[in-house]
Amino acid sequence: MPQKTDEIFSHQFHQNPYDYYKEIRPHQPFTKVKLFSGMESWMAFSYEASEAVLKDPRFIKDMRKVYPDEITDENMPPIASSMLFVDPPDHRRLRNLVQYGFTPKKINALKGRVEEIALEQAELMKGKETVDFIEVYAFPIPIRVICELIGVPEADQMDFQRWSHVLVDVMDPEDHDEAMGEFIVYLENLIEQKKLTPQADLLSDLIRAEEDGDKLSKRELIGVIMLLIVAGHETTVNLIANGLLALLSHPDQLQLLKENPDLMPQAIEELLRYNGPVEFSTDRWASESFTFMGQEIAQGDHVIVSLASADHDPQVFSNPEQLDITREKSPHIAFGKGIHYCLGAPLARLEGDTALRILLQIFPKVSLAVPESELEWRQSIIIRGLKTMFINLNKN
């Protein structure tokens, strides 16, 4: 039986995790791994185990319930109070308050503005031979969209790039704590401004929103905005960049999409499955001791899911290592599953669809400027994203 779990989170692993998953998954669908911090955690690798973890209420998100004497609001960042990190009934209350900003009507109303932003970013690339696709296109589109949605002034949007990276990459605790402090102070000031002069934006709506007479506290508001930056920006950057990379690495699928642009919505689902923007789920803990997938789980055990491995499980997806933009009814879990299914999924799909469609229309000869083997993947414990991605725009 292969024993490669100690290699997870290594540099080599991040460069191509799918070879590891292919070897581990059949023999160790749910097993213990060592995290980069040295802590042990249960990890689900198969689709069956992953789906079961995501839907089982015995795996809880609120670590204050697991360590009540050690974890308090005072020593946890505000994002820990967001709906992603709490359980029912708190989760239901927070989601009901926040989902007002993500109704189908509101997302549909953003279509025109998302397209305008994508066209503006594409215009900035015209006349250039080679660009860092992430820096000039994949990053600016979602950060501009989410900042406009929240109501962040344009002059402050570049700061959000640094803060959003810090929230998902915690390899340097000192930098993380410093940037987190800056971000919290900024959001506190922004909330006070919106209270004094409400505008037509999501943050103003959240400040006004009530659910059965209940309103979001300042800490909860800050937690929601932090979550939106991660879920509404970082993940979409990587959906766009990973998606283009997958297409450039499969010229037949790229050509098929160029010839059949109506396939784009279906292609987005396959790109999410094939090399999605979120590699691992966020933390869960066992609320009690029980047997799960043949393993004895102890109360307080840490559990995470490899969404990327699950979405390459041959028990669910035929030829999972093959990119197929005509694949139908994909049950991928790139946006999670169960009560914590990503609220912003429709917005991410809209941005991914729009960004890639416009790019291929304006730059049909786009190609990688460096060999794929030279691309460097970020060593994150959550997302799957490239550090840089240089592309040629008009090279034959």
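The structure under discussion appears in the preceding block.
This text gives an overview of the structure that appears in the document. The residue count restarts for each chain, going from 1 along the sequence in the order it is written. At least 70 in pLDDT is required for a residue's local features to be given in this predicted model, at least 80 for side-chain atom pairs to be given and counted, and no such filter applies to totals for whole chains, interfaces and linings, which use all residues. Calculation of side-chain values draws on the structure's entire complement of heavy atoms; hydrogens and water are dropped beforehand.

Across the interface, helix 8 (residues 140–150) lies against helix 16 (residues 345–362) with an axial gap of 11 Å and an inter-helix angle of 140°. As the angle between them shows, helix 8 and helix 16 are arranged oblique. You can see that helix 8 and helix 16 cross each other, and the crossing is right-handed. Touching Ile 141, Pro 142, Val 145 and Leu 149 of helix 8 are Leu 347, Glu 351 and Ala 355, all from helix 16. Angles run from 0 to 180 degrees between N-to-C directions of axes, and those axes are lines fitted to C-alpha atoms, restricted for helices to the stretch in contact. Each helix is a run of DSSP H or I of at least 4 residues and each strand a run of E of at least 2, with the numbering of both proceeding from the N terminus. When an angle is under 35 degrees it counts as roughly parallel; over 145 it counts as roughly antiparallel; between 65 and 115 it counts as roughly perpendicular; any other value is oblique. Should the near helix be turned anticlockwise from the far one by less than a right angle, the crossing is termed left-handed; should it be turned clockwise, right-handed. By the convention used here, residues are in contact when the closest approach between their heavy atoms is within 4.5 Å.

Attention shifts here to the sheet that holds strand 4 (residues 130–132). Sheet architecture is open: three strands sit in the order 4-10-9, paired in antiparallel fashion. The outermost strands of the open sheet, each flanked by one partner alone, are strand 4 and strand 9 (367–368). Judged from the three bridges that link them, strand 4 and strand 10 (residues 390–392) form a sheet pairing that is antiparallel. Paired with Thr 130 across the two strands is Asn 392, which belongs to strand 10. Paired strands, in this sense, are two strands between which DSSP finds at least two bridges.

Reading across from one edge, 1-2-8-5-3 is the order of the five strands in this open sheet, with mixed pairing throughout. Since the sheet does not close on itself, it has two edges, and those belong to strand 1 (30–34) and strand 3 (59–60), each with one partner. In the sheet, strand 2 (residues 40–44) pairs with strand 8 (residues 302–305) via three bridges, with the strands oriented parallel. When the sheet's bridge partners are listed, Trp 42 is paired in strand 8 with Val 303. Against the sheet, helix 3 (residues 47–55) engages strand 1, strand 2, strand 3, strand 5 (284–286) and strand 8, with an angle of about 125° to strand 8.

In this section: helix 16. Expected helix span is computed as 1.5 Å times (number of residues minus one). When the terminal C-alpha atoms of helix 16 are compared, their 26 Å separation across 18 residues agrees well with the 26 Å that a helix rising 1.5 Å per residue should span. Partly exposed residues are those whose accessible area sits between 20% and 50% of the maximum for their type, while under 20% is buried and over 50% is exposed, using a 1.4 Å probe and protein chains only. Here helix 16 lies mainly inside the structure; 13 of its 18 residues are buried.

Going residue by residue along strand 8, you find His 302 and Ile 304 tucked away on one face and Val 303 and Val 305 tucked away on the opposite face as well. Sheet topology places strand 5 next to strand 8; two bridges connect them, and they run antiparallel. Counterpart to Trp 285 in the pairing with strand 8 is His 302.

Any carboxyl oxygen of Asp or Glu within 4 Å of a side-chain nitrogen of Lys or Arg constitutes a salt bridge here. Taken as a whole, this structure holds 21 salt bridges when the rule is applied. With its nearest N and O atoms 2.6 Å apart, the salt bridge here joins Arg 208 to Asp 205. Residue Arg 208 and its partner Asp 205 are located together in helix 11 (residues 202–208), separated by three residues, close to a single helical turn. We classify Asp 205 as buried; its relative accessible area is 16%.

The next subject is the environment of Leu 368. In this fold, Leu 368 is placed in strand 9. Separated by 25 residues in the primary sequence, Leu 368 and Leu 393 place their C-alpha atoms 8.8 Å from one another. Ignoring anything within four residues of it in the chain, the contact list for Leu 368 reads Leu 245, Leu 248, Met 389, Phe 390, Ile 391 and Asn 392.

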